[in-house]
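These are the residues of each chain, in order.
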Amino acid sequence: MPASFPPDRFDEIPGDLDRVGAHRAPRKRGRGWIAFGWAALATVVLIAAGAIGIMVLNNGLDFTAGPASSTSATPPASAVPTAAPTVDPSLSVTVLNGTDTAGLAATAATALTGAGWTVGATSNASASDVKTTTVYYADPTLEGAARGVSGTLPGSSVALSSDFADSGAQIVVVLGADYKPAA
């Protein structure tokens, strides 16, 4: 039998004391909403910071445009054929290989040089899965020359585009999987 001690002041718990267990009071109602509110605010701030970061990196944010298209994968809409094909050896033509076939740009450059064109450079395109061979020209006055280059490379299309204006080339040929060199 346990020892019996005389009663003292610690044996009675006052009725107005709200402590439970290890001196923890019950949680107040509505405290969960405060945590939810802070989490929602943090989410909004992070989304806004991400959108601003994208705008800074991409020089703008456009919600109306569709997915970005690669100029080497899909040629832009061709210009209406109005100029007659011409050959102008004073123009520089750049030839880019848009396929996995090694040496294709050099082969096309040889064909262009044989037809009277001046080939400034040959290289690989930024993509190697180009389907259609396209002759790009940046200035509308070069349409006839672009059509002349296109006539030298059978099956190629012609497109007005400023995508290659920074390269300094007046006419750029991007060879696609449909290009078959003359035998």
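Residues numbered from 1 in each chain as written. Predicted model: local features only at pLDDT ≥ 70, side-chain atom pairs only at ≥ 80, totals over all residues. Heavy atoms only, no water.

1. Side note on a nonpolar patch on the surface
- Residues Ile-34, Trp-38, Leu-41 and Val-45 make up a contiguous nonpolar surface patch of roughly 440 Å² in combined accessible area.
- Structurally, Val-45 can be placed in helix H1 (residues 31–58). (Patch = residues over 30% accessible without salt bridge, like charges linked within 9 Å, V, L, I, M, F, W, Y side chains within 5 Å. Areas by Shrake-Rupley, 256 points an atom, 1.4 Å probe, with all protein chains shown as cover. Salt bridge = Lys/Arg side-chain N within 4 Å of Asp/Glu carboxyl O. Helix = DSSP H or I, 4+ residues; strand = E, 2+ residues; numbered from the N terminus.)

2. Observations regarding the sheet that holds strand S5 (residues 171–175)
- The strand order across the open sheet built from five strands is S2-S1-S5-S3-S4, with neighbouring strands paired in mixed fashion. The open sheet has two edge strands, strand S2 (118–124) and strand S4 (157–160), and neither has a second partner. This sheet shows a mean twist of 20° between the axes of neighbouring strands, independent of strand direction.
- Where strand S3 (residues 134–137) lies against S4, four bridges are found, and the strand directions are parallel. Within the sheet, the bridge partner assigned to Val-135 lies in S4 and is Val-158.
- Lying on the sheet, helix H2 (residues 104–114) is in contact with strand S1 (92–97), S2 and S5; it crosses S1 at an angle near 150°.
- Relative to S3, helix H3 (residues 143–152) is tilted by about 160°, and along the sheet it contacts S1, S3, S4 and S5. (Pairing = 2+ DSSP bridges. Axes fitted to C-alpha atoms, helices over the stretch in contact; angles between N-to-C directions. Contact = heavy atoms within 4.5 Å.)

3. Here we look at empty space enclosed by the protein
- If you walk through the whole model with that rule in mind, you get one cavity of 30 Å³ or more.
- Here the largest cavity defines a volume of roughly 30 Å³.
- Lining the largest cavity are ten residues, and of these Ala-138, Ser-161, Phe-164, Ala-169 and Gln-170 sit closest to its centre.
- When contributions to the lining of the largest cavity are tallied by element, the ones reaching two or more residues are S3 and S5.
- Residues of the lining of the largest cavity, tallied by class, amount to eight nonpolar, two polar and no charged. (1 Å grid on protein atoms, 1.4 Å probe; cavity = no way out; pocket = protein on both sides within 12 Å on 5 of 7 lines; lining within 4 Å. Points joined across faces, edges and corners; volume = space filled by probe spheres on them. Nonpolar A, V, L, I, M, F, W, Y, C, P; charged D, E, K, R; others polar.)

4. With respect to the pattern of salt bridges
- Within this structure, the stated rule accounts for one salt bridge.
- Put simply, Glu-143 and Arg-147 hold a salt bridge, and the shortest N to O gap is 3.1 Å. Of this pair, Glu-143 and Arg-147 both sit in helix H3, four residues apart, which is roughly one turn of that helix.
- Residue classification places Arg-147 among the buried residues on the basis of a relative accessible area of 16%. (Buried < 20%, exposed > 50% of the residue type's maximum accessible area, 1.4 Å probe, protein only.)

5. With respect to the pairing of S5
- Among the five residues in S5, five count as buried, and that is most of the element.
- Burial along S5 is two-sided: the residues Ile-171, Val-173 and Leu-175 and Val-172 and Val-174 are all buried.
- With five bridges joining them, S1 and S5 adopt parallel strand pairing. The residue bridging Asn-97 from the neighbouring strand is Leu-175, located in S5.
- Bridge count between S3 and S5: four bridges; the pairing is antiparallel. Within the sheet, the bridge partner assigned to Val-135 lies in S5 and is Val-173.

The quantities given are spatial measurements derived from coordinates; they are silent on function.
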